[in-house]
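# Structure assessment
Residue-level listing of the chains:
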Amino acid sequence: MMEDGAFRISLSRTSKKTPVAYVKLSSRYLCSIMPAEAERHLRDILKELGTLDSSAHVSRIDLCADFVSPENM
């Protein structure tokens, strides 16, 4: 497993049934750049670690929003 401020990358043993890696992108990183740029950066890293044969599969997206309310929460 490798982790920095942008990505947490867990490499897996390559087989036809498992992906090259499982990756979590940090929300802080995604707030600083466009998603397409983050994907390009991640692909560049993963190409150094293994062969990419197929497209990415997104398994989870957590949405967040900032808001202001007059109610005491």
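Now for a description of the structure that goes with this document. Small disclaimer: the values here were computed from a predicted structure and weren't measured. All residue numbers refer to positions counted from 1 along the written sequence of the respective chain. Two thresholds apply to this predicted model, a pLDDT of at least 70 for residue-level local features and 80 or more for giving and counting side-chain atom pairs, whereas whole-chain, interface and lining totals are computed over all residues. With hydrogens and water excluded, all non-hydrogen atoms of the structure serve as input to the side-chain values.

### Focus: the nonpolar core
With ten residues, the main nonpolar core is built from A6, F7, I9, V20, A21, Y29, I33, A38, L42 and L46. Within the residue set of this core, elements represented by two or more residues are β2 (7-11) and α2 (35-49). Secondary structure elements are taken from DSSP: a helix is a run of H or I of four residues or more, a strand is a run of E of two residues or more, and numbering for both begins at the N terminus. Take this core: its biggest share by element is three residues, from α2. By definition in these notes, contact holds between two residues if any of their heavy atoms fall within 4.5 Å. Look past the residues within four positions of I9 in its chain and what remains in contact with it is M1, M2, A21, Y22, V23, L42, I45 and L46. Note on terminology: a nonpolar core comprises buried Ala, Val, Leu, Ile, Met, Phe, Trp, Tyr and Cys residues joined through side-chain atoms within 4.5 Å. For each residue, the accessible area found with a 1.4 Å probe, counting protein chains only, is set against the maximum for its type, and the residue is called buried under 20%, exposed over 50%, and partly exposed in between.

### A look at the environment of V58
With respect to the helices and strands, the residue V58 is situated in the segment after α2. Take V58: its relative accessible area is 57%, and that puts it in the exposed class. C-alpha of V58 to C-alpha of Y22: the two residues are 36 residues apart in sequence and 9.9 Å apart in space.

### Quick word on the environment of G50
With respect to the helices and strands, G50 occurs in the segment after α2. With relative accessibility at 27%, the residue G50 sits in the partly exposed group. Separated by 13 residues in sequence, G50 and E37 have C-alpha atoms that sit 20 Å apart.

### Comments concerning the sheet that holds strand β3 (residues 21-25)
The three strands lie next to each other as β1-β2-β3, forming an open sheet whose pairing is antiparallel. Looking at strand neighbours, the two that pair on one side only are β1 (2-3) and β3, the edges of this open sheet. Bridging between β1 and β2 involves two bridges; their strand directions are antiparallel. When the bridges of β2 are listed, E3 appears paired with R8. Between N-to-C directions, angles span 0 to 180 degrees; the directions come from axes that are lines fitted to C-alpha atoms, helices contributing only their stretch in contact. The strands that α2 touches are β1, β2 and β3; relative to β2, the one it contacts most, it runs at about 30 degrees. In this scheme, strands are said to pair when DSSP sees at least two bridges between them.

### Thoughts on the pattern of salt bridges
Two side chains that carry opposite charge are able to pair once their charged atoms sit near each other. Salt bridges are counted wherever a side-chain nitrogen of Lys or Arg sits within 4 Å of a carboxyl oxygen of Asp or Glu. The final tally for this structure, using the stated rule, is two salt bridges. Between E39 and R43 there is a salt bridge whose closest N-O contact spans 3.3 Å. Remark: R43 and E39 occur in helix α2; sequence separation between them is four residues, near one turn of the helix. R43 sits in the partly exposed class, given a relative accessible area of 26%. Note that R60 is salt-bridged to D62, the shortest N-O span being 2.9 Å. Accessibility expressed as a relative area gives 63% for R60, which makes it exposed.

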